[in-house]
Amino acid sequence: MHHLKITNLSSAYGKNVVLTDVSLTVDKGQVISLVGPSGSGKSTLLRVLVGLTPPTGGTVEIQGELINYNSKSSIKLSRDRMAIVFQQYNLFQNMDVMGNVTIAPIKIKKRDRKEVEAEAEDLLERVGLADKLTAYPDQLSGGQQQRVAIARALALQPDLLLLDEVTSALDPELVTEVLDTIRRLASDGMTMIIVSHEMGFVREISDQVVMMDEGRIIERGLPAEIFDKPTTDRAREFFGKILRH
Ligand SMILES: Nc1ncnc2c1ncn2[C@@H]1O[C@H](COP(=O)(O)OP(=O)(O)OP(=O)(O)O)[C@@H](O)[C@H]1O
Ligand SMILES: [Mg+2]
């Protein structure tokens, strides 16, 4: 059984169709990267998975369970299984790091505070912020804040982590520390779908690279296949452009 199975997924904003027949499987422990030009539907795909944007067709199964995006309880189930981190990390400014990481498990999942805090300490250690538990977001660099956002997502104990351009808003010297955190998660066996423009990183970390264009998957394969031997003109043009600078 696949960890995640997406079949013929479609979505639209009004009349504007932005995802068409997207089919993709992700196995446990795999890292899949989505690449493609701006507006090709990468973020929309992730948003549909977690129930932020409704699909217009197709199915999503997580560990064999079908998610019904018309049902609030089923969407809640998908959010129990998947956590998403955005480019804009949106931490609560009035809460310290520990508060930011533990609030959802304590308030929404009604879990035991002590247990959640102990886990949060481990998570913050994993993202390299063990010494920042009591810091407030405005006392942290962008890279540190983004790592808090990743720890906050992990505190929900997701089976699948979705990362949407988590390094794009960061100064170049802060990118490395966030990429190192993601590398570590991958080597710990976290299943992830990553949207990133850091092509060197994508190449190194991905089990599979999926290229999207105009709401469709146009190529998929091992990083070396996609980057070195793209079969479509569109992919050749895209990689030609982005790998040059
Ligand atoms: N909230 C929205 N309302 C209407 N149209 C939207 C909305 N969000 C995205 N779109 C449209 O959906 C299409 C896909 O957008 P999406 O954000 O998924 O692209 P993307 O591949 O993530 O692009 P980028 O690399 O720039 O982040 C685009 O044509 C975009 O204009
Ligand atoms: Mg996007």
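Residues numbered from 1 in each chain as written. Chains lettered and ligands numbered in written order. Predicted model: local features only at pLDDT ≥ 70, side-chain atom pairs only at ≥ 80, totals over all residues. Heavy atoms only, no water.

A. Seen up close, the site of ligand 1. Surveying the vicinity of ligand 1 reveals the residues Tyr-13, Val-18, Pro-37, Ser-38, Gly-39, Ser-40, Gly-41, Lys-42, Ser-43, Thr-44, Glu-165 and His-197. Between ligand 1 and the protein, one listed contact pairs an oxygen atom with a side-chain N or O atom of Ser-38 at 2.6 Å. Taking Glu-165, its side chain carries an N or O atom lying 3.4 Å from an oxygen atom of ligand 1. Its free accessible area being 630 Å², ligand 1 has 58% of it covered by the protein chains. (Near = heavy atom within 4 Å. Polar contact = N/O pair within 3.5 Å; in protein donor to acceptor, adjacent residues only side chain to side chain. Areas by Shrake-Rupley, 256 points an atom, 1.4 Å probe, with all protein chains shown as cover.)

B. Structural detail: helix H6 (residues 172-187). Taking 1.5 Å of rise per residue, 16 residues should cover 22 Å, and H6 covers 23 Å from first to last C-alpha, within 8% of that figure. Within the sequence span of H6, burial applies to Leu-174, Val-175, Val-178, Leu-179, Thr-181, Ile-182, Leu-185 and Ala-186. Axial view of H6: buried residues confined to an arc of 155 degrees, hence all on one face. Along H6, the residues that are exposed and aim more than 90 degrees away from the buried face are Glu-173 and Ser-187. Check the buried side of H6 and you find it contacts strand E3 (31-35), helix H4 (113-126), helix H5 (142-154), strand E7 (160-164), strand E8 (192-195) and helix H7 (199-205). Gly-189, located one to two residues past H6, shows a positive phi value of around 95 degrees. (Helix = DSSP H or I, 4+ residues; strand = E, 2+ residues; numbered from the N terminus. Expected span 1.5 Å × (residues − 1). Buried < 20%, exposed > 50% of the residue type's maximum accessible area, 1.4 Å probe, protein only. Arc of directions from axis to C-beta. Contact = heavy atoms within 4.5 Å.)

C. Broad picture of the sheet that holds E8. Pairing is mixed in the open sheet, where 6 strands are placed in the order E6-E7-E8-E3-E9-E10. Each edge of the sheet is formed by a strand with only one pairing partner; in this case those strands are strand E6 (82-85) and strand E10 (216-221). Averaged over all neighbouring strand pairs, the angle between strand axes comes to 20 degrees, with direction disregarded. Relative to E8, E7 is paired through 4 bridges, and the arrangement is parallel. Its bridge partner lying in E8, Leu-163 is registered against Ile-194. Most of the contacts of H5 go to E6, to which it runs at about 170 degrees, and overall it touches E6 and E7. Set on the sheet, H6 makes contact with E3, E7 and E8; between it and E8 the angle comes to about 155 degrees. (Pairing = 2+ DSSP bridges. Axes fitted to C-alpha atoms, helices over the stretch in contact; angles between N-to-C directions.)

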